[in-house]
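Commentary on secondary and tertiary structure
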Amino acid sequence: MNNKEMICIVCPMGCRMTVSVNGEVCSVDGNKCDRGQKYATDETTNPLRTVTSTVRIANAEIRRLPVKTVQAFPKGKMFELMSVLKQVEVKTPVKMGDVILQNALGTNIDVVASRTVK
Ligand code: SF4
């Protein structure tokens, strides 16, 4: 049995939690509500993060186009996603929300432009 300490970031209370793991999450202690239990379980079994980055853009005043995943992305695949985004180059015009990379790494999560560039 492993114990992991973590702080819940779902609300400003910031409860300190202890998660007991033995192949799977066995217990969560220290959370003041059920949202903390869910956060601790998700964070332990399948942590997700919104990924923000940039890609090359041709024929524009700016050199890099800011992009982000449309929803939280598996944390374990973030570095692989960054490598893929290094190979991407887009051309103007680009509108905020345009899909830059569809179904990134087979996750069904798109990467979209975070700003408009004419
Ligand atoms: S466990 Fe509940 S009360 Fe505590 S920080 Fe998380 S959401 Fe807030």
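Quick notes on the sheet that holds strand β2 (residues 16–21)
- In spatial order, the strands read β1-β2-β3; together these three strands make up an open sheet with antiparallel pairing. A single partner strand is all that each edge strand has here, and the edge strands are β1 (2–7) and β3 (25–29). Across the sheet, the axes of successive neighbouring strands diverge by a mean angle of 20°, strand direction being ignored.
- Note that β1 and β2 share six bridges and pair antiparallel. In the sheet register, isoleucine 7 faces β2, and the bridge partner there is arginine 16.

Let's talk about the site of the ligand
- With respect to spatial proximity, the complete set of residues near the ligand consists of Cys8, Val10, Cys11, Met13, Gly14, Cys15, Asn31, Lys32, Cys33, Arg35 and Gly36.
- Class assignment for the residues of the shell around the ligand results in six nonpolar, three polar and two charged.

Considerations on helix α1 (residues 34–45)
- Along its 12 residues, α1 runs 17 Å from first to last C-alpha, staying within 8% of the 16 Å computed at 1.5 Å per residue.
- Residues of α1 that are buried: Gly36, Tyr39, Ala40 and Glu43. The arc that holds every buried residue of α1, seen down its axis, measures 95°, which confines them to one face. Turned more than 90 degrees from where α1 packs its buried face, Asp34, Lys38 and Thr45 sit exposed.
- As for α1, its buried residues are in contact with β1, β2, β3 and β4 (48–49).

So, the pairing of strand β6 (residues 64–69)
- Where burial is concerned, the two faces of β6 differ: the one with Leu65, Val67 and Thr69 is buried and the one with Arg64, Pro66 and Lys68 is not.
- Of the strand pairs in this sheet, strand β5 (residues 52–58) and β6 are connected by five bridges, and their pairing is antiparallel. When the bridges of β6 are listed, threonine 52 appears paired with lysine 68.
- Sheet topology note: the β6/strand β10 (residues 111–113) ladder contains three bridges and is antiparallel.

A word on the sheet that holds β10
- Reading across the sheet, the five strands line up as β8-β5-β6-β10-β9 and stay open at both edges, with mixed pairing between neighbours. Strand pairing shows two members of the sheet lacking a second neighbour, β8 (89–91) and β9 (99–101), which therefore form its edges. Going from strand to strand, the sheet's axes swing by 45° on average, the running direction of each strand aside.
- As paired strands, β9 and β10 are joined by two bridges and run antiparallel to one another. By the bridge assignment, leucine 101 is partnered in β10 with valine 111.
- In the packing of helix α2 (residues 78–86) onto the sheet, contacts are made with β5, β6, β9 and β10, and the angle to β5 comes to roughly 10°.

Here is what the cut-offs are and how they apply
- Residues numbered from 1 in each chain as written.
- Predicted model: local features only at pLDDT ≥ 70, side-chain atom pairs only at ≥ 80, totals over all residues.
- Heavy atoms only, no water.
- Pairing = 2+ DSSP bridges.
- Helix = DSSP H or I, 4+ residues; strand = E, 2+ residues; numbered from the N terminus.
- Axes fitted to C-alpha atoms, helices over the stretch in contact; angles between N-to-C directions.
- Near = heavy atom within 4 Å.
- Nonpolar A, V, L, I, M, F, W, Y, C, P; charged D, E, K, R; others polar.
- Expected span 1.5 Å × (residues − 1).
- Buried < 20%, exposed > 50% of the residue type's maximum accessible area, 1.4 Å probe, protein only.
- Arc of directions from axis to C-beta.
- Contact = heavy atoms within 4.5 Å.

By themselves, these observations are geometric and do not establish any function.
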